[in-house]
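Tertiary structure, described
What follows is the residue order along each chain.
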Amino acid sequence: MRITLDPLTRLSSGLRISVELKDGSVVSAGCSGMAYRGLEQMLLNKSPMDAPYFTQRICGMCSSFHATASASAIESACEATGTVPKDALVIRNVLNGFGWLKSHLEHLYLGFMPDLADPMYGGMLNSSDLGNLLWKELKNRYASLGGEACSDALRCIKSISRAEGILGGRSPGSPVIVPGGVTSRPTRGDIYALKDCVEDIKAIVQKRLLGALSIEEWLESTHDNGGEHAFKYLESLSMDDLSEEKGWGDLPLFMMFCSRMLAKDTLSLPAYIALDMLGGYPLDDQLIGFLSYGSFYQVRDGYAPVEDNQAGSFVLPAGFTPGGLQNINAAADRLDPGLIVEHVYASFYEYGEGRTSEAPMDEETVPVEKADAIGYDGIKYSFIKAPRYGRVPCETGPLARLINSRENLIVDTMRKLGGYKSAGYPMASVYTRTLARMQEALLLCRMLQGWIDDDLEAGDGIRRCVHVSLKPGSSGRGLIEAPRGALGHWLKVGDDGRISNYQVVAPTTWNASPKCGELKSGPIELALLGCQTTPYGYLPNSEANPVGLYHVVRSFDPCVSCAVHVIRG
């Protein structure tokens, strides 16, 4: 049986998912980006200094991240990364931090969580009093029309947009991030206004995600001291009242009742949604890796590019972890950008001389010329290319970041899942992917308050930008993290001082990639293998509403606008 989701809704731009079911389980999956864009062609023969403004238009949700990556690529080409002033890096951190938080809230409450209010769950959870209580909370919180969480999220997003406008001039598409620093000049009044925004934002995030606990209480317990504290906290909460007032914020509610391992196997509860059984990887260590480029600058003058391998350059470190996670107790492997290549074997592009893979800096990508070469059932089936790291497809995003930084709550949760070997829980799943995004949202609140309270300074006499100059024939790359994961910009300057080639590899290019020349599937395709149409297995007629498939794909938060590019070498 074939199920085709075309387009998958509640995502940015067009994504098509096609799966084959046998005996109720997915045996093959195809992930197709359907948008043909060509935005990067605008950059050819333009001044490199204009690149941050053009690349912001790749995506309205990701504008400041593209501007930062673009500016970093230019700074790399100018050999000026070590000269960017501290106060400029603080402002970049704050603008990107607000953007990350907004993206996470939009994904959680407008994209992912409404699936938990699907009427199917009302029928599956009504066999116990606890199940009825849980369904009542899910429906009241996450219903797409009238749900409490959606209303709270929109209020929070409004406050974040206001804060972005105060510091960046407008939101989205702030013009202040430039090669060499920033042009923003915050006043004392601006900083006081930002502090007010942060307090409003934290109040809403705390109410939604944690309920009774403060953000700092939760992070001190789970992030600073270990995930076991979270499990003990969950066990201390009342099962007679699942309201926020009783401590059941969205994070504890999700962590307990969206895990079969915690709810059923550990506490023998009669109600749960087994998201920890969905979206894992078969033959983990052979087929997948977890990749992150490093995110948020340390507060000091200058920064070291990822390729310099200088420890401590970023708050969340760069790294790579093989999918088997056997070395989860050791530090992540160092990142080698030289291992990154892009394949077009299954993409609607061609490389010259029969090549199917190229390093981003050297790509000469040509779209297929004939309309009849564009179809979704043949060898080529996507406008998204297929990046690989040392021949390995990689998941990127909040889960990969927190794995590579060995964040306590996520690592301890994965260890606990791995301890139930007979049950076959994958350590990477819809459950841990979503839990990582929630935990990261709380960490962002902490970091934003620290940067604004302790590091952001007012006044015109502060150095926030340095002059940078590009030599003809130079090249550079900017590797940063966006909310959805690893974002890379590669730049080449011609002998005339103009852009001769520009390449973007976005997080969804990694996550939603099709097969490569070695016939290895991308992360979303791999995560769908073995999946059934609901977290309770295959149910009759559930192919008409395969909520299990929705959970898997949406847990990656795909953004096809960022993933699809057409580049002429």
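Once a new chain begins, its residue numbering starts again from 1 and follows that chain's sequence as written. For a predicted model such as this one, the threshold for reporting local features is a pLDDT of at least 70, and the threshold for listing and counting side-chain atom pairs is 80 or more; totals across whole chains, interfaces and linings nevertheless cover every residue. The side-chain figures draw on all heavy atoms in the structure; neither hydrogens nor water molecules are used.

1. Brief notes about the state of the cysteines
Cut-off, in case you're wondering: The definition used for a disulfide is geometric: two cysteine sulfur atoms within 2.5 Å. Here's how the labels work: a residue is buried when its accessible area is under 20% of the maximum for its type, exposed when over 50%, partly exposed in between, all with a 1.4 Å probe on protein chains only.
Throughout the structure, instances matching the rule amount to 0 disulfides. No disulfide involves Cys258; its sulfur sits 15 Å from the nearest other cysteine sulfur, which is in Cys531. Owing to a relative accessible area of 4%, Cys258 belongs among the buried residues under this scheme. Looking at Cys394, it has no disulfide partner, and the nearest cysteine sulfur is the one in Cys516, 11 Å off. The class for Cys394 is buried, based on a relative accessible area of 1%.

2. Remarks on the sheet that holds strand β3 (residues 25-33)
So the rule is basically this: Strand pairing is defined by DSSP finding a minimum of two bridges between the two strands. Here a helix means four or more residues in a row that DSSP labels H or I, a strand means two or more in a row labelled E, and each is numbered from the N terminus. In this description, a line fitted to the C-alpha atoms serves as the axis of each element, helices being fitted only across the stretch in contact, and the angle between N-to-C directions of two axes falls anywhere from 0 to 180 degrees.
Taking strand neighbours across the sheet as the criterion, the 3 strands line up as β1-β2-β3 in an open arrangement whose pairing is antiparallel. Two strands bound the open sheet, and with one partner strand each, they are β1 (2-5) and β3. On average, adjacent strands in this sheet sit at an angle of 15° to one another, irrespective of strand direction. As judged from the 8 bridges shared by strand β2 (residues 15-22) and β3, these two strands associate in the antiparallel manner. Looking at the pairing, Ile17 lines up with Cys31 of β3.

3. As for the packing of aromatic side chains
To keep it simple, the criterion reads: Two rings from Phe, Tyr or Trp (for Trp, the six-membered ring) form a pair when their centres sit within 6.5 Å of each other. Planes less than 30 degrees apart are called stacked, planes more than 60 degrees apart edge-to-face, and all others tilted. In our convention, an over-ring charge means Lys NZ or Arg CZ found within 6 Å of a ring centre and within 35 degrees of that ring's normal.
Counted under the stated rule, the structure contains 13 aromatic pairs. Both rings, one in Trp248 and one in Phe257, keep their centres 5.3 Å apart while their planes meet at 45°; by these two values the pair is tilted. Judged by relative accessible area, Trp248 falls into the buried class, the value being 0%. On the numbers, 4.9 Å between centres and 50° between planes, the contact of Tyr297 with Tyr303 is tilted. Both residues of the pair, Tyr297 and Tyr303, belong to the buried class. An aromatic cluster is defined as three or more aromatic residues linked by ring pairs; in this entry it consists of Phe348, Tyr349, Tyr376 and Phe383. Lys385 extends its terminal NZ or CZ atom over the ring of Tyr349, reaching a point 5.7 Å from the ring centre.

4. Describing the nonpolar core
What counts, and what does not: Within this scheme, the nonpolar core is defined by two criteria: the residues are buried Ala, Val, Leu, Ile, Met, Phe, Trp, Tyr or Cys, and they are joined through side-chain atoms within 4.5 Å. Should any heavy atoms of two residues lie within 4.5 Å, those residues are considered in contact.
Core analysis: the biggest nonpolar cluster contains 172 residues, and Phe98, Trp218, Phe254, Met255, Leu275 and Leu528 have the highest contact counts within it. A total of 14 residues in this core trace back to one element, the largest contributor, which is helix α15 (residues 430-455). Look past the residues within four positions of Leu528 in its chain and what remains in contact with it is Ile17, Val19, Val26, Ala29, Leu549, Val552 and Val553. Formed by 6 residues, the second largest nonpolar core is a distinct cluster that contains Val344, Tyr349, Val368 and Phe383.

5. Observations regarding helix α18 (residues 547-554)
Burial within α18 is extensive, with 8 of its 8 residues counted as buried. Along α18, the residues that are buried comprise Val547, Gly548, Leu549, Tyr550, His551, Val552, Val553 and Arg554.

6. A short note on the packing of helix α8 (residues 215-222) against α15
Selection criterion: What makes a crossing left-handed is the near helix being turned counterclockwise from the far one by less than a right angle; a clockwise turn instead makes it right-handed. Under the grouping applied here, Gly and all other residues not named as nonpolar or charged are polar, the nonpolar ones being Ala, Val, Leu, Ile, Met, Phe, Trp, Tyr, Cys and Pro and the charged ones Asp, Glu, Lys and Arg.
Running from amino to carboxyl end, α8 crosses α15 at an angle of 115°, the nearest separation of the two axes being 10 Å. At the point where α8 passes α15, the crossing takes the left-handed sense. For the pair α8 and α15, the contacting residues are Ile215, Glu216, Trp218, Leu219, Glu220 and Thr222 in the first and Gln439, Leu442, Leu443, Cys445 and Arg446 in the second. Per-class residue counts for the contact of α8 with α15 are 6 nonpolar, 2 polar and 3 charged.

7. Here's the deal with the pattern of salt bridges
Note the following rule: By salt bridge we mean one thing: a side-chain nitrogen of Lys or Arg within 4 Å of a carboxyl oxygen of Asp or Glu.
For the coordinates displayed, the defined rule picks out 26 salt bridges. Among the salt bridges present, the one from Lys102 reaches Glu164, with a minimum N-O distance of 2.7 Å. Of the two residues, Lys102 is situated in helix α3 (residues 86-112) and Glu164 in helix α6 (residues 148-168); the sequence distance between them amounts to 62 residues. Exposure class is identical for Lys102 and Glu164. Each is buried. Two residues, Arg433 and Glu395, come together in a salt bridge whose shortest N-O distance is 3.0 Å. Residue Arg433 is found in helix α15, and its partner Glu395 is found in strand β13 (residues 394-395); the two are separated by 38 residues along the sequence. Across the pair, exposure class does not vary: Arg433 and Glu395 are buried alike.

8. Comments concerning the sheet that holds strand β15 (residues 485-493)
Across the sheet, which stays open at both edges, the 3 strands sit in the order β14-β15-β16 with antiparallel pairing between neighbours. Both outer strands of the open sheet, β14 (475-482) and β16 (499-505), are each paired with one neighbouring strand and no more. On average, adjacent strands in this sheet sit at an angle of 10° to one another, irrespective of strand direction. Strand contacts of helix α2 (residues 63-77): β14, β15 and β16, with the helix running at about 150° to β14, the strand carrying the most contacts.

9. Digging into helix α7 (residues 188-210)
Inclusion rule: Multiplying one less than the number of residues by 1.5 Å gives the expected span of a helix.
Here α7 contains 23 residues, and its C-alpha end-to-end distance of 32 Å stays within 8% of the 33 Å for a straight helix at 1.5 Å per residue. Among all positions in α7, only Ile191, Ala193, Leu194, Cys197, Val198, Ile201, Ile204, Val205, Arg208, Leu209 and Leu210 are buried. Taken together, the buried residues of α7 touch α3, α5 (129-142), α6, α8, α10 (250-257) and α15. Following α7 by one or two positions, Gly211 has its phi on the positive side, about 70°.

10. As for the pairing of β3
In terms of residue burial, β3 counts as a mostly covered element, since 7 of its 9 residues are buried. Taking the residues between adjacent antiparallel strands as the criterion, β2 and β3 are bridged by 2 residues, where Asp23 takes a positive phi near 55°.

11. Comments concerning the environment of Val84
Within the secondary structure layout, Val84 lies in the loop between α2 and α3. Linking Val84 and His467, residues 383 residues apart in sequence, is a C-alpha distance of 9.3 Å. Here Val84 is in contact with Glu75, Leu89, Gly180, Gly181, Asp301, Gly302 and Tyr303, once residues within four sequence places are set aside.

12. Details of the confidence of the model for the protein
Threshold: Confidence scores labelled pLDDT are given residue by residue by the predictor and lie between 0 and 100.
Here the protein averages 91 in pLDDT, while 95% of its residues score no lower than 70. Considering only residues more than four positions removed or in separate chains, one finds that residues 565-569, a stretch of pLDDT under 50, has 27 contacts.

13. Side note on unusual backbone geometry
Across the junction of Asp6 and Pro7, the peptide omega takes the value -5°, indicating a cis bond. The omega torsion of the bond from Ser171 to Pro172 falls at -5°, within 30 degrees of zero and hence cis. Mapped onto the elements, Pro172 comes out in the loop between α6 and β4 (177-178). Despite not being glycine, Leu519 shows a phi value in the positive range, around 65°. Its place among the elements puts Leu519 in the loop between α16 (507-511) and α17 (523-528).

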